[in-house]
Amino acid sequence: MSHIADAATGATGAVGVRQTQKLRTRQALLDAALRLLEHQSLSSLGLREVTRAVGIAPTAFYRHFKDTAELGVALVEESLGGLHGTLRAGLSAPDAGDSEARIALTVGLIADLTRSAPAHVRFIARERHGGVQPVRRAIGDQLRLFAEEVADALGALPDSAHWSREDLVMLAGIYVDHMVMTASAFLAAGPEGEESTAELARRQLRLISLGRRHWLDGGTTIR
């Protein structure tokens, strides 16, 4: 019986090793693709380029992804994980209003994200309106989910008591769009332009905050 048990344990261990190796290869493909996408769009990326960078046969690619579009969708999930964390950090800050402290914190978090994950920020900024439809759709879907989450947080604030859900989602979408736009601006500006980019982002958030405070004053209709 011990031989049978040992064989079963060995088989389970072998499966575990294979699964671990498969996950490592999958991640290596994602990492290689992200590096290659620094200077090109996903629509021009060939799977042979990616597999060559990883050091595997092109046919091995299909054990992990159906095509480069599916790989791109996986990169969307990986890339926007950082944005999600930034949103959560901003929304969970002690000051829930539109104070200068909150604005400075939000812009600082975006700058930190851009410094720590520039390749991911570049990928989202480029592919959000890129030519690969499944990736473009995945980015849009993720950003809409983020907007819903932000709308939930905004709706819990006292000054949002009389806001409609539609307006909360609209405002949340503005905040999410601003985060993506600001991250892209930080990336384009580089270290030397970081402070001027941050100041512009803070001014833009002040303008959004001003509109938010007066949205229910009765002058929201543009004629």
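Above: the structure in question.
## Remarks on the overall build of the chain
Regarding its fold elements, the chain presents 8 helices and 0 strands. Listing each helix as α and each strand as β along the chain from the N terminus yields α-α-α-α-α-α-α-α. Counting all 223 residues of the chain, 38% fall into the buried class. Considering only intrachain contacts with a sequence separation of at least 6, the fraction spanning at least 24 residues in the chain is 66%.

## Overview of the layout of surface pockets
Here the second largest pocket defines a volume of roughly 150 Å³. Elements that contribute at least two residues to the lining of the second largest pocket include exactly helix H6 (133-155) and helix H7 (165-189). The greatest single-element share of the lining of the second largest pocket, amounting to 6 residues, is contributed by H6.

## Focus: the side chain of Thr-51
Topologically, Thr-51 is positioned in helix H2 (residues 47-54). The class for Thr-51 is buried, based on a relative accessible area of 1%. Beyond its immediate stretch of four places on either side in the chain, Thr-51 contacts Leu-29, Ile-56, Ala-57, Pro-58 and Phe-61.

## Overview of empty space enclosed by the protein
Applying the stated rule across the entire model yields 1 cavity of 30 Å³ or more. Roughly 30 Å³ of internal volume is contained in the largest cavity. Every residue along the wall of the largest cavity is listed here: Leu-34, Leu-37, Glu-38, Ala-119, Arg-122, Phe-123 and Arg-126. Ranked by residue count, the leading element in the lining of the largest cavity is helix H5 (residues 118-127), at 4 residues. Grouping the amino acids of the lining of the largest cavity by side-chain chemistry returns 4 nonpolar, no polar and 3 charged.

## Quick word on the packing of helix H4 (residues 100-116) against helix H8 (residues 194-213)
For the pair H4 and H8, the least separation of the axes is 10 Å and the interaxial angle reads 135°. Relative to H8, the element H4 is oriented oblique. The handedness of the crossing between H4 and H8 comes out as right-handed. Across the interface between the two elements, Glu-100, Ile-103, Ala-104, Thr-106, Val-107 and Arg-115 from H4 touch Glu-194, Ala-198, Ala-201, Arg-202, Leu-205, Arg-206 and Ser-209 from H8.

## Points about the nonpolar core
Within the largest apolar cluster, 52 residues are counted, with the highest numbers of intra-cluster contacts made by Leu-71, Leu-75, Leu-83, Phe-123, Leu-143 and Leu-154. When sequence neighbours within four positions are dropped, the list of residues in contact with Phe-123 reads Leu-34, Leu-37, Gly-72, Leu-75, Val-76, Ser-79 and Val-135.

## With respect to the pattern of salt bridges
Scanning the model with the defined rule gives 11 salt bridges in all. Among the salt bridges present, the one from Arg-212 reaches Asp-159, with a minimum N-O distance of 3.3 Å. With Arg-212 in helix H8 and Asp-159 in the loop between H6 and H7, this pair connects stretches of sequence that are 53 residues apart. Three or more residues are tied together by salt bridges with common partners; here these are Glu-100, Glu-195, Glu-199, Arg-202 and Arg-206.

## Things to note about the environment of Ser-41
Mapping Ser-41 onto the fold places it in the loop between helix H1 (2-36) and H2. Ser-41 gets classed as partly exposed once you look at its relative accessible area, which sits at 26%. Through-space distance from the C-alpha of Ser-41 to that of Gly-131 is 8.4 Å; in sequence the pair is 90 residues apart. A polar atom in the side chain of Ser-41 sits 3.0 Å from the side chain of Ser-43.

## A closer look at the packing of aromatic side chains
Summed over all chains, the structure comprises 3 aromatic pairs. Between the aromatic rings of Phe-61 and Phe-65, the centroid separation amounts to 5.8 Å while the plane-to-plane angle is 45°, which identifies the pairing as tilted. A relative accessible area of 2% means that Phe-65 is categorised as buried. Put simply, the rings of Phe-61, Tyr-62 and Phe-65 touch in pairs and so form one group of aromatic residues.

## Looking at H7
With 25 residues, H7 extends 36 Å from end C-alpha to end C-alpha; this agrees with the ideal 36 Å at 1.5 Å per step. Positioned one or two residues after H7, Gly-190 has a phi angle of 75°, which is positive.

Criteria and cut-off values
- Residues numbered from 1 in each chain as written.
- Predicted model: local features only at pLDDT ≥ 70, side-chain atom pairs only at ≥ 80, totals over all residues.
- Heavy atoms only, no water.
- Helix = DSSP H or I, 4+ residues; strand = E, 2+ residues; numbered from the N terminus.
- Buried < 20%, exposed > 50% of the residue type's maximum accessible area, 1.4 Å probe, protein only.
- Contact = heavy atoms within 4.5 Å.
- 1 Å grid on protein atoms, 1.4 Å probe; cavity = no way out; pocket = protein on both sides within 12 Å on 5 of 7 lines; lining within 4 Å.
- Points joined across faces, edges and corners; volume = space filled by probe spheres on them.
- Nonpolar A, V, L, I, M, F, W, Y, C, P; charged D, E, K, R; others polar.
- Axes fitted to C-alpha atoms, helices over the stretch in contact; angles between N-to-C directions.
- Parallel < 35°, antiparallel > 145°, perpendicular 65-115°, else oblique.
- Left-handed = near helix turned anticlockwise from the far one by under 90°.
- Core = buried A, V, L, I, M, F, W, Y, C linked by side-chain atoms within 4.5 Å.
- Salt bridge = Lys/Arg side-chain N within 4 Å of Asp/Glu carboxyl O.
- Polar contact = N/O pair within 3.5 Å; in protein donor to acceptor, adjacent residues only side chain to side chain.
- Phe/Tyr/Trp six-rings, centres within 6.5 Å; stacked < 30°, edge-to-face > 60°.
- Expected span 1.5 Å × (residues − 1).

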